[in-house]
Amino acid sequence: MKITVTGAAGYIGSHACLRLLDDGHQVHGLDNFSRSFPRTVDALQRAGGDRFHFTQVQLTDQAATAAALQLHPPEIVMHFAAFAVVPESVKFPLIYWHNNVGATVSLLHAMDAVDARKIIFSSTCATYGEPNAARIPIGEDCPQRPTHAYGESKLACEHMMKAWVQSHALADRDRGVVFLRYFNVAGGDYLDRIGEDHDPETHLVPICLRAATGRHPELVVYGNDYPTPDGTCIRDYVHVEDLVAAHIEAIKVIPRRETLAMNVGTGNGASVLEVLHACSAAAGRPVPFAFGPRRDGDPPRLVSNPEKIFRLTNWRPARSSLESITQSAWRWFAKEKKST
Ligand SMILES: NC(=O)c1ccc[n+]([C@@H]2O[C@H](COP(=O)([O-])OP(=O)(O)OC[C@H]3O[C@@H](n4cnc5c(N)ncnc54)[C@H](O)[C@@H]3O)[C@@H](O)[C@H]2O)c1
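Here the structure is a predicted model, which means the values were calculated and not measured.

Chemist: Which residues make up the overall build of the protein chain, and what values do they have?
Modeler: A count of helices and strands for the protein chain gives eleven helices and 14 strands. Radius of gyration (C-alpha) of the protein chain: 19 Å, near the 20 Å computed for a compact globule of 340 residues. Each principal axis of the C-alpha atoms in the protein chain carries an extent, and together these give about 55 × 45 × 40 Å. Classification of the 340 residues of the protein chain by burial places 56% in the buried group.

Structure follows, in structure tokens:
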């Protein structure tokens, strides 16, 4: 299939490109490198050869986005491109509205221009906000009440895409959208070709690995008095390769003239301390840490109810043990460290 991947140089988008290329698809990656590096595209080019094309494009620019899609009109679009750092979105909300919503407007226009009808959208559990304890594990019917501009911008994209599939314009077209609402994504490629590569880094696993090797100051664990077994927050971690596999399964269930929302989580949670200890074990050295105060808006436990994706697809998380996640993250990190 011909698949366009936005955010192709980013963490999850690049792993998606790699899996699609490994599966024999033709992939057109789009990115503006605002949150990523050309070296990731080099790795994709090495893996994909002439089945991989890349266009550097600012997706908020409608004309440029339309021109990019014209180069290789896709059968399916996977839309990963976004800004996704919560504290930044609290500080600079307009940047998030502009980038995340603006890019999605451009993309849908561009898809119409090349008659591309199917899109899988990277949504997030942040659209649920801070559900009360009775709603956890979180199902797709949990009310969506985001508490920051990042979550709000993602929810706005969901609403926009719903209007797009239901619109009467070009109504003969069977547009379809899947919203995959991710929880916490971590880990790297099984062949260590790429991994999580942000600067600055804001995610727990890579920060732990950097702290273990002295590349990051000691880790601050925000709060150890939560009502959880070890007092630290619990989140639902999914290996990036499992997450990408969910996209492959989602292709098979893209609805016609509808949207379909599925959570992508394991249903199991791990605490910050459990992740930290798994990172220590993977790295073979301790992760230095100190407890700090709680952060505003950090619920004690956010865990998915994966029943819907289990029921509608063959997706099952196969690599999402903490051991598998942290070992794959460490292998790539150690390899990169040697080469830089
Ligand atoms: N990483 C997670 O744990 C997680 C959890 C929930 C949802 N998500 C969603 O998954 C998607 C991918 O996340 P990620 O962790 O890979 O993020 P990332 O920052 O690593 O990748 C995003 C990519 O999109 C690109 N991009 C952003 N705005 C762009 C624009 N206007 N034009 C062109 N390119 C642009 C960036 O340069 C970057 O390469 C995001 O949509 C995010 O909201 C991620």
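Chemist: Explain the site of the ligand to me, and be specific about the residues and the numbers.
Modeler: Not every one of the 30 residues close to the ligand is listed here, only the nearest: Asp31, Ser36, Tyr150, Lys154 and His198. Between the ligand and the protein, one listed contact pairs an oxygen atom with a side-chain N or O atom of Ser36 at 2.6 Å. The separation between a nitrogen atom of the ligand and a polar side-chain atom of Asn99 is 2.8 Å. Calculation on the ligand without its partners gives an accessible area of 830 Å², and the protein chains cover 96% of this total. Element by element, the count of residues in the shell around the ligand is highest for strand E5 (residues 118-124), at three residues. Across the shell around the ligand, the residue classes break down as 15 nonpolar, twelve polar and three charged.

Chemist: Report on the domain arrangement of the protein chain, specifying residues and quantitative values.
Modeler: Split by domain assignment, the protein chain resolves into domain 1 (2-186 + 237-264) and domain 2 (204-235 + 268-339). If you average the C-alpha positions of domain 1 and of domain 2, the two centres end up 24 Å apart. Counting from both sides, the interface comprises 24 residues of domain 1 and, opposite them, 27 residues of domain 2. Both faces combined, the contact of domain 1 with domain 2 buries some 2400 Å², and carbon together with sulfur accounts for 64% of it. Arg319 is the salt-bridge partner of Glu241, the closest N and O atoms lying 2.9 Å from each other. Listed by contribution, the elements that provide at least two residues to the side of domain 1 that touches domain 2 are strand E7 (184-186), strand E10 (237-239), helix H8 (240-251) and strand E11 (258-264). Partitioned by chemical class, the residues of the side of domain 1 that touches domain 2 number 15 nonpolar, four polar and five charged.

Chemist: Kindly report on the state of the cysteines, identifying the contributing residues and their values.
Modeler: In this structure the tally under the stated criterion is zero disulfides. Cysteine Cys17 remains unbridged, with the sulfur of Cys157 as its closest cysteine sulfur at 19 Å. The exposure class of Cys17 is buried, given its relative accessible area of 0%. Cysteine Cys125 shares no disulfide, and the gap to the nearest cysteine sulfur, in Cys142, comes to 10 Å.

Chemist: Before we move on, can you summarise the side chain of Glu158 with the specific residues and values?
Modeler: Position of Glu158 among the secondary structure elements: in helix H6 (residues 149-166). Under the relative-accessibility criterion, Glu158 is labelled buried at 3%. Of note is the side chain of Glu158, whose polar atom sits 2.6 Å from the side chain of Ser123. Non-local contacts of Glu158, meaning those with residues more than four positions away in its chain, are made with Phe121, Ser123, Thr127, Gln144, Phe179 and Arg181.

Reading the values: rules and limits
Residues numbered from 1 in each chain as written. Predicted model: local features only at pLDDT ≥ 70, side-chain atom pairs only at ≥ 80, totals over all residues. Heavy atoms only, no water. Helix = DSSP H or I, 4+ residues; strand = E, 2+ residues; numbered from the N terminus. Rg over C-alpha atoms; globule rule 2.2 N^0.38 Å. Buried < 20%, exposed > 50% of the residue type's maximum accessible area, 1.4 Å probe, protein only. Near = heavy atom within 4 Å. Polar contact = N/O pair within 3.5 Å; in protein donor to acceptor, adjacent residues only side chain to side chain. Areas by Shrake-Rupley, 256 points an atom, 1.4 Å probe, with all protein chains shown as cover. Nonpolar A, V, L, I, M, F, W, Y, C, P; charged D, E, K, R; others polar. Domains from an automatic or database assignment. Contact = heavy atoms within 4.5 Å. Buried area = accessible area lost by both parts, 1.4 Å probe. Salt bridge = Lys/Arg side-chain N within 4 Å of Asp/Glu carboxyl O. Disulfide = S-S within 2.5 Å.

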